[in-house]
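Report on the structure
Residues per chain, in single letters:
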Amino acid sequence: GPANAESTKIALVVKSLGNGFFDAANKGAQEAAKELGDVEVIYTGPTAATAEGQIEIVNSLIAQNVNAIAISANDPDALVPVLKKAMDRGITVISWDSGVAPEGRQMHLNPSDTDLIGETIIKLAADYLPEGGDVAILSASSTATNQNAWIEAAKKVLPEKFPKINLVATVYGDDDSVKSTNEAKGLIASHPDLKAIIAPTTVGVVAAAQVVTDQNLIGKVNVTGLALPSEFKQFIDNGASQAVALWNPIDLGYSAVYLAHGIATGKAKAEPGARLSIGKVGEVTLDDTNSAAMAPPFQFDKSNIEEFSKIY
Amino acid sequence: MSALAKNRELWLVAAIALLVAVITLRFPAFARPQNLAAVFNDTSILMILALGQMAVILTRSIDLSMASNLALTGMIVALTNANFPGIPIPLIILEAMAIGAALGAFNGMLVWKLGIPAIVVTLGTLTIFRGATFVVAGGTWVNADRMSPAFIALQRGEFLGLPVLSWFAIVAIIAFYLVMTRTPVGRSIYAVGVNPSAAVYAGIDVGRAKFIAFCISGMVAGLCGYLWVSRYVIAATEVANGYELNIIAACVIGGVSIAGGIGSVGGAVLGALFLGIISTALPVINISPFWQMAISGTAILAAVILNARSERKQGRIILKKAEAA
Amino acid sequence: MHTAALKAERPASAADTPMLSLSGVSKSFPGVRALHNVSLSLYPGQVTALIGENGAGKSTLVKILTGIYQPDEGEIRIGGDTVKLPTADAAFRHGITAIHQETVLFDDLSVAENIFLGHAPRNRFGLIDWRTMRANAREVLETMGAGHIDADARLRDLGIANKHLVAVARAMSIDARIVIMDEPTAALSAKEIEELFELIEFLKSDGKAILFISHKFDEIYRIADRYTVFRDGEMVGEGLLADKPQNEIVRMMVGRAVDHIFPERQPKIGATILSVSGLSHPTEFDGIGFELRQGEILGFYGLVGAGRSEVMQAIAGMTRTSAGSIALDGAPIAPKSAAEAIEAGIVYVPEERGRQGVVIGLPIFQNVSLPSLDRTSKSGLLRLAEEFSLARTYTERLDLRASSLSQDVGTLSGGNQQKVVIAKWLATEPKVIILDEPTKGIDIGSKAAVHGFMAELVAQRLSVIMVSSELPEILGMSDRVIVMREGRIAAVFDNKGLDAETLVRAAAGIAA
Amino acid sequence: MSAIETSAAPRRIPDRLDTPLKGAVLSWEALLIAVAVAIFVINSLASPYFLNAWSLSDLTFNFTEKGLIALAMALLIISGEIDLSVAAIIALASTMMGMALQAGADTPMLVAIGIGTGLLCGAFNGLLVTGLGLPSIVVTIGTMSLFRGVAFIILGDQAFKGYPASFAFFGQGYVWWVVSFELTLFLAAALVYWFVLHRTSFGRRVFAIGNNPVAAQFSGVREARVKFILFCLTGLMAGVASVLITSRLGSTRPSIAQGYELEVITMVVLGGVSILGGAGSIVGVVLAALIMGMVTFGFGLLNVPGIVMSIFIGLLLILVIALPIIWRRLFGRRPA
Ligand SMILES: Nc1ncnc2c1ncn2[C@@H]1O[C@H](COP(=O)(O)OP(=O)(O)OP(=O)(O)O)[C@@H](O)[C@H]1O
Ligand SMILES: Nc1ncnc2c1ncn2[C@@H]1O[C@H](COP(=O)(O)OP(=O)(O)OP(=O)(O)O)[C@@H](O)[C@H]1O
Ligand SMILES: [Mg+2]
Ligand SMILES: [Mg+2]
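Residues numbered from 1 in each chain as written. Chains lettered and ligands numbered in written order. Predicted model: local features only at pLDDT ≥ 70, side-chain atom pairs only at ≥ 80, totals over all residues. Heavy atoms only, no water.

Stated precisely, the cut-off is as follows: UniProt positions are given in the numbering used here, feature names are shortened, and annotations may be inferred rather than shown by experiment.
The name that an unreviewed UniProt entry assigns to chain B is Inner-membrane translocator, with the source organism given as Mesorhizobium alhagi CCNWXJ12-2. Of the comments in the UniProt record for chain B, the one headed Subcellular location (unreviewed entry) reads "Cell membrane".

This is the structure we're talking about:
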């Protein structure tokens, strides 16, 4: 392998640069690097969230002989060949946040348990709808692995746990503010009885909350989903949203680098059933697809958003 | 063909009416005045941009850099606002227009003074401006909590029952109408596109007219930079990525001839509205959003074919009798 | 001297001091010296005719006076002050207006705007006042006797003559002291020419100085007071027209006796090679029928816009016809493209050299070989040696002046470009060659070369159709002459003792 | 030259004046070679990882697919037309391959379908442009939405995956050592296109049309036919690129190859092809492809964000076009 006498180089490849969630993850990654010592984190990603862009980046990382690549993938399948090539050249590859198909990585770190996220996003809406009613999902891009998995999980729990909640539509805003805005408007227009919009994406949730605010629907339509506290605080404050949830992106970035370092240096081994330490965050256990899940999503509402918006 | 049938704007109005009617069949509330006003408001930015693009296309040029200019200017004004929240919004708007115009002038100078084809210049500045957006913001983004309330609120305010954003569009339409039809500058932009060599004989500096058109499109893109970031309350590198082709498509649907010299303010506005209605209506009538792209592609092709038919050059008609027949 | 003699007869007035004078003006284009040290004076209330052969530099002078071109050297004085005319706008402001030879107008703008673009009336907010503009346009057209033209019509929908009238109206709409007219009558009918002359009389009485360019001597003698003659870019004479008989002016123009230009030849005319009958087009021409015999030069005469080019382009496959038939060597052909016509053995040497003839950007040899590529290449592969030898054979026969065969054809002078154009179609070894205005815009020497070459071609049993608007050329070269008018054949003549007047009458539709 | 000159023996006109060498030194290609060498040297100095067989091999993947399309696009632009729909054609062709895969097609069949779809899309563009006489820039803005739109209609939020192992060779395989199949194909195609453009009568006609379509038609060039063939070729190359990308990604999404069209056109223009038609060379396009590949890969090695690279590419494009113009302004035209 490309182990060398100098520092361990770990690349944190994100879906796109200039996205608040990933910038927060980078913070955690840098923390981990400092803690581990002798680790250099390369924070990189394409400008537009495309698989092709990430492939070019992985190619240049391979050429740089990095020790490990930790990637949040724009496409679970398209990146597999190039990541396989990286592994062939002795580079440790893990995915985090948005996964890669098992053959393209050694392990995957889910920010949280998929089923749990699915349930949480519905619960966030249901908690404020005692009578039940229509809700709709505004997702990111139609190819986003993680969102699709959460939505699947959410649909599964609906009939048993939330019988009064009626999911009327699932639309895609492509993590683009304009598209998300149009889609949110479309949902509101075509479903007059809509009670909540669930956006399990930090871009979509802001767009939806802005639409609700602009159309004076505060109190009528509740926006919820996954949001960065710092970006979303004002919508909790103005009442467009009662509560949202998210895991801690800083911890996520920290964990990704910690795990990648462990596997790259041989301290840890990625195999089903293995328990891997992630330093100050704790430890995770790999399932039979070599995936692990971190903490359950954390909920933000009026009581705590102020505090967290200062952190991430 | 009667004069009526030849009038492109009327055709477009008919097409739009048909489109609205079809949508209304599936979703009756669509044709309600409030909803139509909302569609207009949603399309405001595209309309303003299409007007700027029209000025450039009329001179036989093209501005591929508008969307990038919008992103860069939007980022700069958002940063200005974030760092100096005290600056009044009218000044911010002036700043946006000035920066946009300066970027447009950069394109225009290269076209005018060096004679580089507009498509090459703006293909280059398309990536340069967007890259600069990333650089000026240091790779970060500006979101709602960093923008001042006034920055966000202005276009959402109402005036005479319409959102201020719609008024921006209305003022832009009126201004463009006056400039393009009633000022020597506007007419010289047309003249240059219709026949550049004849324009020289008429005392018009062709390069300068192109330069002015680029300044106009830049200024408009800059203004829309402010409108965009305050509308979607986010200024980021990716803002309006790829939007340049929507702007051109709006012009083309509106009957602006890519060969220059032909096009009207009404046409460009209607072309933008047509696209705006498609993009706002599809989610509403439960047509899969995956159909949207194919539908607008078909609309563009249909518009081009129709326009070409009405534009077809007639023979010179030497035979007197044939003329009468 | 003669001016001095006449002075006594006239009351001394402003008319004797030139309103505009030009001296020592020279202008060169790459490879062409268009003007050399010329001078010219225009007097208030008088019409000065500028006379010279094609390419003598008349239009170049007009462009200098209207700010389109900048002279290399020389001085322009208006009312005694030396002026610079860097742009068309500057010329307007000095009170110079012109009707240019090519109609330089805007097809997609309205008639009114074509007239007033650049000096439109404005309201008190500085905005263009369309209502006044339309009213003014109607007024200008009315005073010119062109009230039938709708000021709101799009120019594209007008015929060529009406377009020309709009160009005249544009010049009239500018309140100018100096009015220049570069062949204003070329596209006008007899009635419109009459109206134009009335207008000129009016301008004269209004004290304007007028420069009038025409190749038609009857017009010149009718309307002009003075003449200036250019030959090969030099001023060779000027004075009062009343003193000068036409033949002297012609001698000045040409520099030698006219009939020596054309080659002597003994036509050996054979059997019919091309026969055309009932050829029609929905809007451009109707019922065209004629025969071309081997070794014959068939002249096609007509006023500009008579439809000759359209007919020829139809025969050569470029234009679709609605009826009629063409037979070559007795076999019917129906070429649907130039490629098919060339294959059959009919080639068309177009009139618009720059647009239809040369491919600027390609070197000379590639221009020459373009229509013959199938012959010079072998199963699609280029063979440069073949191309060079083909190009050399034909260009040297035409005495082309070029530094090398790899020179971009765009760097050649007009006449030499024309030689390349002719060489290129000759190289296809056609049976019938159609030359549309073959000597348009080329100098006298080249003209002689082209005419000589035409004579050579027919001597080699080739058949030639020559479309020309120049009477001497038609009379000097043709064996027979067909006259076209408004898309139809008006008359057919054997060129034996044929005179210019007969042809002109036939072309204009005036009974003998 | 005097006007009247009695011609004695015709003078002999030489074939050429410049020796071919002199022409080559002053050519656009020479400028590009200088730029390419400079970038190569800078990359080698800036990153210790650059001068390495595998790095150089990986580098080629940054331009081979776009470069393949650029070859055909160069001919199309020289003829005075343009095709903005190539990236959309890639998406549609890839989608068709995915559908064929679902229907059980084998590798040769998949390749045939990918290329065939490209060809058909190109023919559709060509028909609209030459048959109806429409401006290609607007036609292809329309078909760009249409082709990708159809891919979205078919695929929606789904993906096609599970391409056979043998299919992976096209985008991931190596012919010999570090020489990938993609690079080999690109070089072979470049040779073919060079030959077609510079050594056949077809290529000559392309130049003639680009310089003066009317005169070319009058000279017996079948303009519509030539342009139609060029649109087909461009579609075909997009189809080929689609096979390579699909193979390299091992899957199909409707959003594949987003934004490639402008990169391809940038490559062509940087290669010295006049956007107004009539001039250009394949050597220039190949060099431009190499330069763009080296710039993006070199910046990548330094972990410079792609967006910052694009500033450089944009500047390079404008500078490379502007420099000769400024040069001519400053020092005047060389006497012929
Ligand atoms: N832009 C130009 N570039 C190169 N040569 C030119 C240009 N304009 C004119 N010439 C050349 O200058 C000479 C004079 O042309 P000009 O048009 O002035 O002739 P003219 O006297 O008006 O002829 P005609 O009676 O045919 O209109 C010709 O040899 C012509 O080919
Ligand atoms: N309606 C028109 N609008 C613009 N240009 C016209 C019109 N009619 C004729 N022309 C121009 O006038 C010229 C002569 O027309 P055309 O070729 O039909 O007639 P022709 O009899 O062949 O004349 P020529 O003597 O010039 O060959 C051409 O350059 C043509 O473009
Ligand atoms: Mg002239
Ligand atoms: Mg003609």
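Still to come is the rest of the account.
What about the overall build of chain A?
Test applied: Helix and strand definitions here come from DSSP, where helices need a minimum of 4 consecutive H or I residues and strands a minimum of 2 consecutive E residues; each element is numbered from the N-terminal end. Radius of gyration means the value over C-alpha atoms here, while the globule rule gives 2.2 Å times the residue count to the 0.38 power. For each residue, the accessible area found with a 1.4 Å probe, counting protein chains only, is set against the maximum for its type, and the residue is called buried under 20%, exposed over 50%, and partly exposed in between. Note on areas: these come from Shrake-Rupley sampling with a 1.4 Å probe, and a residue is covered only by the protein chains present in the view. A positive count includes Lys and Arg, and a negative count includes Asp and Glu. His and the chain ends are not counted in either. We put the charge of a Lys on NZ, of an Arg on CZ, of an Asp on CG and of a Glu on CD.
Scanning chain A from terminus to terminus reveals 10 helices and 14 strands. Here chain A has a C-alpha radius of gyration of 20 Å; the compact-globule value for 312 residues is 20 Å, and the two agree. Seen along its three principal axes, the alpha-carbon backbone of chain A occupies a region of about 60 × 35 × 35 Å. Scored against the burial criterion, the 312 residues of chain A give a buried share of 64%. Accessible surface computed for chain A: about 10600 Å², of which carbon and sulfur atoms make up 49%. The positive charge centre, built from 24 side chains, and the negative charge centre, built from 37, are 1 Å apart in chain A.

Considerations on the sheet that holds strand E12 (residues 288-293) of chain C
All names here are of chain C. Heads up, the rule is: A pair of strands counts as paired when DSSP detects no fewer than two bridges linking them. In this analysis, axes come from line fits to C-alpha atoms, helices being fitted only over the stretch in contact, and the angle between any two N-to-C directions falls in the range 0 to 180 degrees. We call two residues contacting when some pair of their heavy atoms lies within 4.5 Å.
Across the sheet, four strands lie side by side as E12-E11-E14-E15; this open sheet has antiparallel pairing. The open sheet terminates on both sides in strands that have one partner only, identified here as E12 and strand E15 (331-333). Here the strands of the sheet are splayed against their neighbours by 20 degrees on average, with no regard to which way each runs. In the packing of helix H10 (residues 308-315) onto the sheet, the strands contacted are strand E11 (272-280), E12 and strand E14 (323-328), and the crossing angle to E11 comes to about 115 degrees.

Looking at unusual backbone geometry
Positive phi, close to 55 degrees, is recorded for A:Asp174, a residue that is not glycine. Positionally, A:Asp174 belongs in the loop between strand E7 (165-172) and helix H6 (177-190). For A:Asp174, a relative accessible area of 36% translates into the label partly exposed. The phi angle at D:Asn303 is positive, at roughly 55 degrees, despite the residue not being glycine. A relative accessible area of 23% means that D:Asn303 is categorised as partly exposed.

Structural notes on the state of the cysteines
We count it as follows: Count a disulfide wherever a pair of cysteine sulfur atoms falls within 2.5 Å.
Within this structure, the stated rule accounts for zero disulfides over all chains. Of all cysteine sulfurs in the structure, the one in B:Cys224 sits closest to B:Cys251, which takes part in no disulfide; the separation is 12 Å.

So, helix H7 (residues 202-214) of chain A
All names here are of chain A. Inclusion rule: How far a helix is expected to stretch is found by multiplying one less than its residue total by 1.5 Å. Under the rule applied, a polar contact is a pair of N or O atoms within 3.5 Å (in protein, one hydrogen donor and one hydrogen acceptor; residues adjacent in sequence only if both atoms are side-chain atoms).
Spanning 13 residues, H7 covers 19 Å between terminal C-alpha atoms, matching the ideal 18 Å at 1.5 Å per step. Across the 13 residues that make up H7, a large majority, 10, are buried. Within H7, the full set of buried residues consists of Thr202, Gly204, Val205, Val206, Ala207, Ala208, Ala209, Gln210, Val211 and Val212. Where H7 begins, the side chain of Thr201 points an oxygen toward the backbone nitrogen of Val203, at a separation of 3.2 Å.

Remarks on the pattern of salt bridges
For clarity, the threshold we go by: For this document, the term salt bridge refers to a Lys or Arg side-chain nitrogen within 4 Å of an Asp or Glu carboxyl oxygen.
Per the stated rule, a full pass over the model turns up 48 salt bridges over all chains. Put simply, C:Glu113 and B:Arg187 hold a salt bridge, and the shortest N to O gap is 2.4 Å. Remark: B:Arg187 occurs in helix H9 (residues 184-194) and C:Glu113 occurs in helix H4 (residues 111-116); the pair is interchain, linking two chains. Among the residues examined, C:Glu113 registers a relative accessible area of 3% and is labelled buried. In this structure, the salt-bridge partner of C:Glu234 is C:Arg33, at a minimum N-O distance of 3.1 Å. In this pair, C:Glu234 is assigned in strand E10 (residues 234-240) and C:Arg33 in strand E2 (residues 32-42), connecting sequence segments 201 residues apart. Classification of C:Glu234 by relative accessible area gives partly exposed; the value is 32%. The exposure class of C:Arg33 is partly exposed, given its relative accessible area of 43%. Among the ionic contacts, a cluster of salt bridges with common partners joins A:Asp75, A:Asp77, D:Lys161 and D:Arg253.

A short note on the coordination of the magnesium ion (ligand 4)
Residues and elements named next belong to chain C. Heads up, the condition is: Each metal's donors comprise the N, O and S atoms found within 2.8 Å of it (within 3.2 Å for Na, K or Ca). Water is not part of the atom list, so some coordination spheres may appear incomplete.
Coordination of the magnesium ion (ligand 4) by the protein is provided by Ser309 (OG) and Glu351 (OE), with metal-donor distances spanning 1.8 to 2.2 Å. Here Ser309 is found in helix H10, whereas its partner Glu351 is found in the loop between strand E16 (346-349) and helix H12 (353-357), with 42 residues between them in sequence. Of the residues examined, Glu351 reaches a relative accessible area of 22% and is grouped as partly exposed.

Here we look at the interface of chain B and chain C
In many analyses, interface size is given as the accessible surface area lost on bringing the parts together. The cut-off we apply is this: The quantity reported as buried area is the accessible area (1.4 Å probe) lost by two parts once they are put together, taken as the sum for both. Classification convention: Asp, Glu, Lys, Arg as charged; Ala, Val, Leu, Ile, Met, Phe, Trp, Tyr, Cys, Pro as nonpolar; all other residues, Gly among them, as polar.
Tallying the contact residues gives 29 residues for chain B and 39 residues for chain C. Where chain B abuts chain C, roughly 2700 Å² becomes buried across the two surfaces, and 59% of that area is made up of carbon and sulfur atoms. One can count one salt bridge joining chain B with chain C. Applying the counting criterion to the chain B and chain C interface returns four residue pairs in polar contact (both at pLDDT 80 or more). Sorting the residues of the side of chain B that touches chain C by element identifies helix H8 (164-182), H9, helix H10 (196-201) and helix H15 (320-324) of chain B as the ones contributing at least two each. In the side of chain B that touches chain C, the residues fall into 16 nonpolar, six polar and seven charged.

Remarks on the environment of A:Lys267
Residues and elements named next belong to chain A. Mapped onto the fold, Lys267 is located in the loop between helix H9 (249-264) and strand E11 (275-278). Relative accessible area serves as the criterion here: at 65%, Lys267 is assigned to the exposed category. Taking the C-alpha atoms as reference points, Lys267 and Gly118, separated by 149 residues in sequence, lie 33 Å from one another. The contacts of Lys267, once residues within four sequence positions are left out, are His261 and Gly262.

What about the interface of chain D and chain C?
Between chain D and chain C, the contact holds 33 residues from the first and 53 residues from the second. For the pair chain D and chain C, the summed buried surface comes to about 3400 Å²; carbon and sulfur atoms form 56% of the total. Looking only at chain D, the three residues that lose the most surface to chain C are D:Ile13, D:Arg204 and D:Phe218, adding up to 24% of its buried area. The interface formed by chain D and chain C holds three salt bridges in total. For the salt bridge of D:Arg205 with C:Asp374, the shortest nitrogen-to-oxygen distance reads 3.1 Å. Linking chain D to chain C there are 16 residue pairs in polar contact (both at pLDDT 80 or more).

Concerning the UniProt feature "transmembrane region" (unreviewed entry) in chain B
Residue and element names in this part refer to chain B. The UniProt record marks residues 36-58, 70-94, 114-138, 159-180, 211-233, 245-278 and 290-308 with the feature "transmembrane region" (unreviewed entry), using the residue numbering of this structure. Helix makes up 76% of residues 114-138 and strand 0%, whereas the separation of the span's terminal C-alpha atoms amounts to 32 Å. Taken end to end, residues 245-278 is 68% helix and 0% strand, and its two terminal C-alpha atoms sit 16 Å from one another.

A word on the pairing of strand E3 (residues 47-51) of chain C
Residues and elements named next belong to chain C. With respect to burial, E3 is a largely interior element, five of its five residues being buried. Covered by surrounding structure in E3 are Val47, Ala49 and Ile51 together with Thr48 and Leu50, the residues of both alternating faces. Sheet topology places E3 next to strand E8 (residues 209-213); four bridges connect them, and they run parallel. Across the sheet, the residue bridging to Thr48 is Leu211, located in E8. Here E3 runs beside strand E9 (residues 226-231); their pairing, made up of four bridges, is parallel. Across the sheet, Thr48 pairs through a bridge with Arg226, a residue of E9.

Quick word on the sheet that holds strand E6 (residues 96-99) of chain C
Neighbouring strands of a sheet are bound in pairs by backbone hydrogen bonds; such pairs are parallel or else antiparallel. Residues and elements named next belong to chain C. Strands sit in the order E6-E7-E8-E3-E9-E10 across an open sheet of six strands; the sheet is mixed. The open sheet terminates on both sides in strands that have one partner only, identified here as E6 and E10. Averaged over all adjacent pairs, the angle separating strand axes in this sheet is 15 degrees, with direction ignored. Pairing analysis gives five bridges linking strand E7 (residues 178-182) to E8, with the strands arranged parallel. By the bridge assignment for E8, Ile178 is matched with Ala209.

Describing the packing of helix H5 (residues 89-113) of chain B against helix H6 (residues 118-136) of chain B
For any two helices packed against each other, one specifies the crossing angle of their axes together with the interaxial distance. All names here are of chain B. Stated formally: Handedness of a crossing follows from how the near helix is turned relative to the far one, being left-handed for an anticlockwise turn of less than a right angle and right-handed for a clockwise one.
Between H5 and H6, the shortest axis-to-axis distance is 9 Å and the interhelical angle comes to 145 degrees. The handedness of the crossing between H5 and H6 comes out as right-handed. Only Ala118, Val121, Thr122, Thr125 and Phe129 of H6 make contact with H5, whose side of the interface consists of Leu103, Phe106, Asn107, Leu110 and Val111. Residue classes in the contact of H5 with H6 are distributed as seven nonpolar, three polar and no charged.

Here's the deal with the packing of aromatic side chains
Our working rule: Only Phe, Tyr and Trp rings are paired, with Trp represented by its six-membered ring, and only when their centres lie within 6.5 Å; those with planes under 30 degrees apart are stacked, over 60 edge-to-face, the remainder tilted. A positively charged side chain is recorded as over a ring if its NZ (Lys) or CZ (Arg) lies within 6 Å of the ring centre. The angle to the ring normal must also be within 35 degrees.
Within this structure, the stated rule accounts for 30 aromatic pairs over all chains. For the ring pair A:Phe232 and A:Phe235, a centre distance of 5.4 Å and an interplane angle of 50 degrees mean the geometry is tilted. A residue pair is termed a helical-turn pair when its members lie 3 or 4 positions apart in one helix, as A:Phe232 and A:Phe235 do in helix H8 (residues 229-237) at three residues. Here A:Phe232 falls in the buried class, since its relative accessible area comes to 0%. Measuring from centroid to centroid gives 5.0 Å for B:Trp228 and B:Tyr243, while their planes differ by 80 degrees, and the two rings are edge-to-face. Of this pair, B:Trp228 sits in helix H11 (residues 206-231) while B:Tyr243 sits in helix H12 (residues 243-253), placing them 15 residues apart in sequence. With respect to burial, B:Trp228 and B:Tyr243 carry one shared label: buried. Seen from the ring of D:Phe61, A:Lys85 lies directly overhead, with NZ or CZ sitting 5.0 Å from the centre. For the cation-ring pair, A:Lys280 lies above A:Tyr254, with the distance from its terminal atom to the ring centre recorded as 4.8 Å.

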